[in-house]
Amino acid sequence: MSRLIQVAVPLPLQDSFTYSVPDDWAERVGLGARVRVPFGRRKLIGYVVGFPETTSLETVREAEELHDEPPLLTPKLVELAQWIASYYACSWGEALRAALPSGARRQRGKPRGRNAEMATGTGLLEAAPPHALNRWQSAVLTSVQARIEAGGYEAFLLHGVTGSGKTEVYIHAVRAALARGRAAVLLIPEIALTPQAADRFRARLGAELGILHSGMTLAERHDVLVAAANGEIQVVLGARSAVFAPFRNLGLIVVDEEQEPSYKQNEKPRYHARSVALMRGSLEGAAVLLGSATPSLESYNNASSGKHALLQIPERVDERPLARVHVVDMREEEDRNAVFSQRLLDALAVRLERREQSILLLNRRGHSNYVQCCGCGELVRCPFCDISLTYHSVGHALRCHYCDHGRPVPKECPGCGNPCQVFRGLGTQRVEQDLGGLFPAARIRRMDLDTTSRRGAHREILAAFAAREVDILVGTQMVAKGHDFPGVTLVGVIQADAGLSLPDFRAAERTFQLLTQVAGRAGRGEQPGDVYIQTLCPDHYAIARAAAQDYGAFFEREAELRRSLAYPPFARLLGITGMAANRPRLSQTMQRLAGRLRGSWSQQGVKVLGPAVSPIPRIRGRFREQILLKGGLAPEAKRALLEAVADCGRAAPGVDFQVDVDPVNML
Ligand code: ADP
Ligand code: ZN
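Residues numbered from 1 in each chain as written. Chains lettered and ligands numbered in written order. Predicted model: local features only at pLDDT ≥ 70, side-chain atom pairs only at ≥ 80, totals over all residues. Heavy atoms only, no water.

Caption draft 1: Main features of the environment of phenylalanine 340. Of note, phenylalanine 340 is situated in the loop between strand S13 (324-329) and helix H10 (342-354). Sequence separation between phenylalanine 340 and serine 262 is 78 residues; the distance between their C-alpha atoms is 31 Å. The contacts of phenylalanine 340, once residues within four sequence positions are left out, are Leu345, Leu360, Val431, Asp434, Leu435, Leu438, Ile494 and Gln534. (Helix = DSSP H or I, 4+ residues; strand = E, 2+ residues; numbered from the N terminus. Contact = heavy atoms within 4.5 Å.)

Caption draft 2: Layout of the coordination of the zinc ion (ligand 2). Note on the zinc ion (ligand 2): its protein donors are Cys382 (SG), Cys385 (SG), Cys400 (SG) and Cys403 (SG). The metal-donor distances range over 2.3 to 2.4 Å. Cysteine 382 sits in the buried class, given a relative accessible area of 3%. (Donors = N, O, S within 2.8 Å, 3.2 Å for Na, K, Ca; no water. Buried < 20%, exposed > 50% of the residue type's maximum accessible area, 1.4 Å probe, protein only.)

Caption draft 3: Quick look at a negative patch on the surface. Judged by side-chain charge, Asp23, Asp24, Glu27 and Glu62 come together as a negatively charged surface patch. One can find aspartate 24 in helix H1 (residues 23-26). Exposure remark for aspartate 24: the relative accessible area of 58% places this residue in the exposed category. (Patch = residues over 30% accessible without salt bridge, like charges linked within 9 Å, V, L, I, M, F, W, Y side chains within 5 Å. Areas by Shrake-Rupley, 256 points an atom, 1.4 Å probe, with all protein chains shown as cover. Salt bridge = Lys/Arg side-chain N within 4 Å of Asp/Glu carboxyl O. Lys, Arg positive; Asp, Glu negative; His and termini not counted. Charge placed at Lys NZ, Arg CZ, Asp CG, Glu CD.)

Caption draft 4: Here's a closer look at the packing of aromatic side chains. If you walk through the whole model with that rule in mind, you get 14 aromatic pairs. Taken together, a centroid distance of 4.5 Å and an interplanar angle of 5 degrees make the contact between phenylalanine 505 and tyrosine 567 stacked. Taken together, the residues span a long stretch of sequence, with phenylalanine 505 in the loop between strand S22 (488-493) and helix H13 (507-519) and tyrosine 567 in the loop between helix H15 (551-565) and strand S24 (573-580) at a distance of 62 residues. Exposure remark for phenylalanine 505: the relative accessible area of 15% places this residue in the buried category. Classification of tyrosine 567 as partly exposed rests on a relative accessible area of 23%. One aromatic cluster in this structure is built from Tyr300, Phe512, Tyr541, Tyr551, Phe554 and Phe555. Against the face of tyrosine 541 rests arginine 557, its NZ or CZ located 4.4 Å from the ring centre. The residue whose ring lies beneath arginine 563 is phenylalanine 570, and the NZ or CZ to ring-centre distance is 4.3 Å. (Phe/Tyr/Trp six-rings, centres within 6.5 Å; stacked < 30°, edge-to-face > 60°. Lys NZ or Arg CZ within 6 Å of the ring centre and 35° of its normal.)

Caption draft 5: Geometry of helix H12 (residues 457-466). Buried residues dominate H12, accounting for 8 of its 10 residues. Regarding H12, the residues found buried are Ala457, His458, Arg459, Ile461, Leu462, Ala463, Ala464 and Phe465. Buried-residue contacts for H12 involve helix H6 (195-205), strand S14 (357-361), strand S20 (444-447), strand S21 (472-475) and S22. Arginine 468 occupies a position one or two residues after H12 and carries a positive phi of about 60 degrees.

Caption draft 6: Spotlight on the nonpolar core. Residues Ile576, Leu629 and Leu641 are the most contacted members of the largest nonpolar core, which totals 118 residues. With 8 residues, helix H2 (residues 75-87) is the single largest residue contributor to this core. For leucine 641, the residues in contact, after removing those within four places along its chain, are Leu574, Ile576, Leu597, Trp601, Leu629, Leu633 and Val659. Core analysis: the next-biggest nonpolar cluster, separate from the first, contains 32 residues, Ile171, Ala173, Ile191 and Val235 among them. (Core = buried A, V, L, I, M, F, W, Y, C linked by side-chain atoms within 4.5 Å.)

Caption draft 7: Highlighting the sheet that holds strand S8 (residues 209-212). If you walk across this open sheet you meet the 7 strands as S8-S9-S7-S10-S11-S6-S12, and the pairing is parallel. Edge positions in the sheet fall to S8 and strand S12 (309-313), since each of these pairs with one other strand and no more. Mean inter-strand twist for the sheet, computed between neighbouring axes without regard to direction, equals 15 degrees. The pairing of strand S7 (residues 183-187) with strand S9 (residues 235-238) spans 4 bridges and is classified as parallel. (Pairing = 2+ DSSP bridges. Axes fitted to C-alpha atoms, helices over the stretch in contact; angles between N-to-C directions.)

Caption draft 8: Looking closely at H13. Along its 13 residues, H13 runs 18 Å from first to last C-alpha, staying within 8% of the 18 Å computed at 1.5 Å per residue. Burial runs high along H13: 12 of the 13 residues are buried. Within H13 the residues assigned to the buried category are Ala507, Ala508, Glu509, Thr511, Phe512, Gln513, Leu514, Leu515, Thr516, Gln517, Val518 and Ala519. (Expected span 1.5 Å × (residues − 1).)

Caption draft 9: A look at the sheet that holds strand S25 (residues 607-619). Spatially, S25-S26-S24-S27 is the arrangement adopted by the 4 strands of the open sheet, whose pairing is antiparallel. Every other strand in the sheet has two partners, leaving S25 and strand S27 (656-661) as the edge strands with one partner each. Looking at each pair of strands side by side, their axes are set apart by 20 degrees on average, direction ignored. Bridge count for S24 against S27 is 6 bridges, and the pairing is antiparallel. Bridging from a neighbouring strand, leucine 574 pairs with valine 661 of S27. Contacting S24, S25, strand S26 (622-630) and S27, helix H16 (residues 583-601) runs over the sheet at an angle of about 10 degrees to S26.

What follows is the structure, encoded as structure tokens:
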């Protein structure tokens, strides 16, 4: 009898399937290889997950083609995908597809130009020559290195203040792994947002480094994976999916800015790269180093309970002081809705005079985030999504920030016909525009989703800022990321409380993180920095603790709240969102599902909340309702849940579901 393979296919099916292998590649097919197989009347790309000796099936179909030789998934990655499937409630094949997309193949006839695009210089590097580690950095390295030398799994949380030199520590830790003949994976939230960090790693790790980023084609990614699988490179740097780099001798995984929400994948399988990194580390016997100036509640709690080893760098390199933070209470300004307080304007004027640089943060893009009728008070809303449209002065149009629907500004109110419209709510365009009026000689650039949609745009703006061709950089949370610009001595935050009112239990945590991170951009060079935080609620603990740059106090307060309300990290959440164009059918289906789940689990300490209308009730014309489960579910319970969802789905055509384990985006 010919050789048999067990194949997992990327469909929402719990089973894997048995195929026979044609003789000409029977000897060459390895575990984790992709194969093309007939499936019903279709052809699918599946993943080899086993080699059964026999089968009870009467007829076994034959696999058609072998894609990978050697496989681009190691046996450990196949096992890791199985864990992802059981934990994140998807099929094994779907998890494998996240690890290795079915379309990632070698370009025919094209020479391998690995990362050619990334190798171009940008002038972003000047600020960062190699450094000898200071005593704090050395102590951290010693701990991590000891684990790498000894081998085996251990998780570390490096809590180092902004500008404490964490990147330098990562580079040394990677070198320590390489010196032991082991490979390393470096995860960063999004390469395009922080080209500087990528440049620094490239300059210091050179030929051994492969980079994966979202701007690459599948074929380019494929080349990097092949190089990793063949041992041509020993280090892979990339966002989320780089956690699946096919090294066989992994010694270290670094997760930089471990608190970043972008580590959570927003489509099936909805895995969190930090959790996957920890699981991979334990499967492979590798050290995992999570790093942040503002750790997630989850990770810091794990460090407090001893699950992760806590490493700390409490001061900046060269004993540089953290920036001085001033909270500006906008209720005391003449106009509490003013864009700029007098103190911030004065501080900006001084910087311009001294030729120092400033960063202004307002975490909302566009010009005005709603247009309101003076007569009836109606807002102009998106016809497909239940939210107000944002006015964009560029193009003088209204746009929906959920579906990108655009329309001209109405001449009169669609409701009452009144011709008078007022523009309310600030966005970055308005800040840029007002700033230009106040400081006509200043060189101002804006960095937000609208100015960076073009490939390479981030890099260009940041390079101009690094070259001091820009005096003031205005932007959304993009400007708060890990940039290292020594010329920046002033950071201003406009409407620091903007995110606090979001219906998300992490709203305070996100605000604290954003403010601490952006404050960390000031005073990184020789000159000390100042930060002005404008707010209408200066006493809110997220703002007050960020102003004091006191992570410990913030954590205490936030942890107490989470514990009392049974939110993560003290309880597990699972979200089910239902979506349908037909609202009554959606509501009925969600009611039925919630009833069924309550019947199964209420006794077992799992709370079933809802269904409730989602915070954004409609997106792209489809209504949304959600059910939230509080309390951990075992893998079997998750399988049962998927079945319940599938049953309800079959009974209600047109209703779609998303099942999200450990949800990060609560909106
Ligand atoms: P973090 O990631 O902790 O915010 P970075 O790694 O960006 O900090 O380091 C901040 C700056 O300090 C960088 O310009 C870096 O080159 C520099 N630096 C790192 N380590 C040292 C050191 N031991 N001595 C002096 N400067 C250092
Ligand atoms: Zn819309």
